[in-house]
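# Geometric and topological summary
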Amino acid sequence: MQDLKFPSSFQWGVATSSYQIEGAVNEGGRAPSIWDTFSHQPGKVDNNDTGDVACDHYHRWQSDLDLIKALGVDAYRFSIAWPRVQPLGSGAWNPAGLAFYDRLTDGLLERGITPHVTLYHWDLPQALQDNGGWTSRDTAKRFADYAQTMAERLGDRAVSFSTHNEPWVTAVLGNQTGLFAPGLKDPVIARRVAHHLLLSHGLALRAIRAAGVKAALGIVLNQSPATPATSSAEDVALAAREYALLVRWFAEPLLLGRYPTAPDLPVCEAIEPGDLETIAQPLDFLGINYYTRIWSSTSNPPVPAPHAQGTSDMGWENYPEGLTELLCGLKRDYPLPPVFITENGLANRDVLVDGKVDDQPRIEYMRTHLSALKAAIDAGVDVRGFFYWSLMDNFEWSSGYAKRFGLVHVDYQTQVRTPKESAHWYRRFIEQQRRA
Ligand code: IFM
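Residues numbered from 1 in each chain as written. Predicted model: local features only at pLDDT ≥ 70, side-chain atom pairs only at ≥ 80, totals over all residues. Heavy atoms only, no water.

### As for the pattern of salt bridges
The line we're drawing: Salt bridges are counted wherever a side-chain nitrogen of Lys or Arg sits within 4 Å of a carboxyl oxygen of Asp or Glu.
Following the criterion strictly, the structure yields 33 salt bridges and no others. In this structure, Asp36 engages Arg30 in a salt bridge whose closest nitrogen and oxygen atoms are separated by 3.0 Å. Several salt bridges converge on common partners, so that one network encompasses Asp350, Asp359, Arg362, Asp393, Arg404 and Lys420.

Right, dumping it as structure tokens:
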């Protein structure tokens, strides 16, 4: 990695989200979110794990911020639990919840770490879901109010606000496949949800800017390039369709002010006049979460993806070149604002032996993905920062605690944190970048 030199202003960070780490679900005036409801339904999450305690970050936030500081990173990306600050998703605000995020933000600044805030990382107040959740246009308006209040509250200290984390996941996994909260299985509802998420993003950006908040505003999308398994016309066409369903569905309304005309994306009946103008607010940045590629095969049985560079514990192919392909493709196709890689990381079968976690596959994953990222920057893509997912092992949604993405190992019985070898590697890598 000696020869890899990122721009000197490049931001190095780590990321987490509220429901995955905080725990304390019944404390400090927090009301239930859709993930509390979902994870408490038997069989929805592996091992019936829930986020009730998670990493107990709500109580351990100070020592967790010390861990972040010890990594030597510039920045921390965290999310706000909407039901902690506005328990019912409308109406009264919860002073204890607001104070928690004030303390967290101040604690970061005291340690010289830049706060980046995500406003929605999937923990919708259950009370809003009971009124239709994201199927209802009203939720988009509720979100804009919430976003404006949080941006006014923290905008003097946080440098960026992302409205949504991975709206594709909320729409498709939450409402089409039912694998995630709220667990619905209806493609028509999923398209409606996607539209309202995008609309809520646009309404929020407008409201935050009108309130005079100066922080950078953007959104975080999960994206992958799609590779046809063979050069057959069928596989090539499938790859184009799958790419449209993951990337173009969200990138196009945000960056071009129109939905793609793709056979799998019929026009959504929830679109009203003026919505696309609202959605296409100027973005100060685009956050991109990259883990793997889509492998498109129409054969029966399908041609398997090569997995030549390894496979994560999620079963995802390690394919670092996909990050370069993705970013260069986006730059070719869209007027791209500055980009942050807001998530990238590996789930690995880590084991703690004599106080040490020797997670060489994670180091290799980081090394190869950072090289691929540098290749995209060298090709002209304006990338401003990289956040490793995740600071520490945490509640991996429907996989529960079985999958470990962290730079820091968490023993869920004792809540003892142990930085893995990858944490030491990342610290040394960042030090090298600063010296170079
Ligand atoms: O843990 C998740 C995160 O919440 C969103 N992006 C993908 C990660 C790994 O699955």
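Still more to cover.
### Looking at the site of the ligand
Formally: Whether a residue is near a molecule or strand depends on its heavy atoms: if one lies within 4 Å, it is near. Whenever a nitrogen or oxygen atom comes within 3.5 Å of another N or O atom, the pair is scored as a polar contact, on the condition that within protein one atom can donate a hydrogen and the other can accept it, and that pairs from neighbouring residues in sequence are kept only if both atoms are in side chains. Here, Shrake-Rupley sampling with a 1.4 Å probe gives the accessible areas, and only protein chains in the shown set may cover a residue. When residues are sorted by character, Ala, Val, Leu, Ile, Met, Phe, Trp, Tyr, Cys and Pro go into the nonpolar class, Asp, Glu, Lys and Arg into the charged class, and all the rest, Gly among them, into the polar class.
Every residue near the ligand is listed here: Gln20, His121, Trp122, Asn165, Glu166, Tyr291, Trp316, Glu343, Trp389, Glu396, Trp397 and Phe405. Between the ligand and Gln20, the relevant distance is 2.7 Å, taken from an oxygen atom to a side-chain nitrogen or oxygen of the residue. Side-chain polar atom of Glu343 to a nitrogen atom of the ligand: 2.5 Å apart, as the coordinates give it. For the ligand, the accessible surface in isolation is 280 Å², of which the surrounding protein chains cover 95%. A breakdown of the residues in the shell around the ligand according to their chemical character gives six nonpolar, three polar and three charged.

### Some thoughts on the pairing of strand S7 (residues 285-289)
Quick note on the threshold: Residue exposure (1.4 Å probe, protein chains only): buried if accessible area is under 20% of the type maximum, exposed if over 50%, otherwise partly exposed. The numbering of helices and of strands both runs from the N terminus, where a helix is a DSSP run of H or I of at least 4 residues and a strand a run of E of at least 2. One requirement defines pairing of two strands: DSSP has to find at least two bridges between them.
Of all five residues in S7, five are buried; the element is thus mostly enclosed. Both faces of S7 are covered, namely the face carrying Phe285, Gly287 and Asn289 and the face carrying Leu286 and Ile288. Pairing geometry for strand S5 (residues 216-222) and S7, over five bridges, is parallel. For Val220, the partnering residue across the bridge sits in S7 and is Gly287. In the sheet, S7 pairs with strand S9 (residues 339-343) via four bridges, with the strands oriented parallel. Bridging from a neighbouring strand, Leu286 pairs with Val339 of S9.

### Remarks on the environment of Asp358
Secondary-structure assignment places Asp358 in the loop between S9 and helix H13 (360-378). For Asp358 and Arg248, which are 110 residues apart along the polypeptide, the C-alpha to C-alpha distance reads 39 Å.

### A short note on the environment of Ser232
By secondary structure assignment, the location of Ser232 is in the loop between strand S6 (226-228) and helix H10 (233-256). Look at Ser232 and you get partly exposed, because its relative accessible area is 25%. Along the chain, Ser232 and Asn175 lie 57 residues apart, while their C-alpha atoms are 32 Å from each other.

### Notes on helix H9 (residues 187-210)
Since one α-helical turn is 3.6 residues long, residues separated by three or four positions face the same way. The test is simple: One less than the residue count of a helix, multiplied by 1.5 Å, gives the span that helix is expected to have.
Taking 1.5 Å per residue, 24 residues should reach 34 Å; H9 reaches 35 Å between its end C-alpha atoms and fits that length. After H9 finishes, the residue Gly212 shows a positive phi value of roughly 85 degrees.

### Considerations on the packing of helix H5 (residues 95-110) against helix H7 (residues 137-154)
Heads up, the condition is: Axis definition: a line fit to C-alpha positions, over the contact stretch in the case of helices; interaxial angles, taken between N-to-C directions, run 0 to 180 degrees. Reported orientations rely on four angle classes, namely roughly parallel under 35 degrees, roughly antiparallel over 145, roughly perpendicular from 65 to 115, and oblique for the rest. Note: crossing handedness is left-handed where the near helix turns anticlockwise from the far helix by less than a right angle, and right-handed where it turns clockwise. Any two residues whose heavy atoms approach within 4.5 Å at even a single point are treated as in contact.
Remark: H5 packs on H7, axes separated minimally by 11 Å, with the N-to-C direction vectors making an angle of 40 degrees. By the criterion of interaxial angle, the relationship of H5 to H7 is oblique. Classified by chirality, the crossing of H7 by H5 is right-handed. Contacts from Leu98, Ala99, Tyr101, Asp102 and Thr105 in H5 reach Met150, Arg153 and Leu154 in H7. The class makeup of the residues in the contact of H5 with H7 is five nonpolar, one polar and two charged.

### Description of the sheet that holds strand S2 (residues 75-79)
Judged by pairing direction, the barrel is parallel, and its eight strands sit side by side in the order S1-S2-S3-S4-S5-S7-S9-S10 before closing back on the first. On average, adjacent strands in this sheet sit at an angle of 25 degrees to one another, irrespective of strand direction. As paired strands, strand S4 (residues 160-165) and S5 are joined by four bridges and run parallel to one another. Bridge pairing in S5 places Ser160 opposite Ala216. Each of strand S3 (114-120), S4 and S5 touches H9; the most contacted strand, S4, lies at about 165 degrees to it.

### Thoughts on the side chain of Glu396
The condition is simple: Lys and Arg are tallied as positive, Asp and Glu as negative. Neither His nor the chain termini are counted.
Within the secondary structure, Glu396 sits in the loop between strand S10 (383-389) and strand S11 (408-411). Despite its burial, Glu396 pairs with no opposite charge; the closest candidate is Lys403, at 9.3 Å N-O.

### Points about the packing of aromatic side chains
The geometry of an aromatic ring pair is captured by two quantities: the separation of the ring centres and the angle between the planes. For clarity, the cut-off: Note on aromatic pairs: the rings of Phe, Tyr and Trp (six-membered ring only in Trp) are paired at centre separations within 6.5 Å, and the planes decide the class, stacked below 30 degrees, edge-to-face beyond 60, tilted for the rest.
Applying the stated criterion across every chain yields a total of 37 aromatic pairs. Plain terms: the ring middles of Trp35 and Trp397 are 4.7 Å apart, the flat faces sit at 55 degrees to each other, and that makes the pair tilted. With Trp35 in helix H2 (residues 34-39) and Trp397 in the loop between S10 and S11, the pair connects residues that are 362 residues apart, well separated along the chain. Side by side, Trp35 and Trp397 carry an identical accessibility label, which is buried. Ring geometry for Phe100 and Tyr101: centres 4.9 Å apart, planes at 75 degrees, overall edge-to-face. Judged by its relative accessible area of 0%, Phe100 is buried. Put simply, the rings of Tyr19, Trp35, Phe38, Trp122, Phe180, Phe395, Trp397, Tyr401 and Tyr412 touch in pairs and so form one group of aromatic residues.

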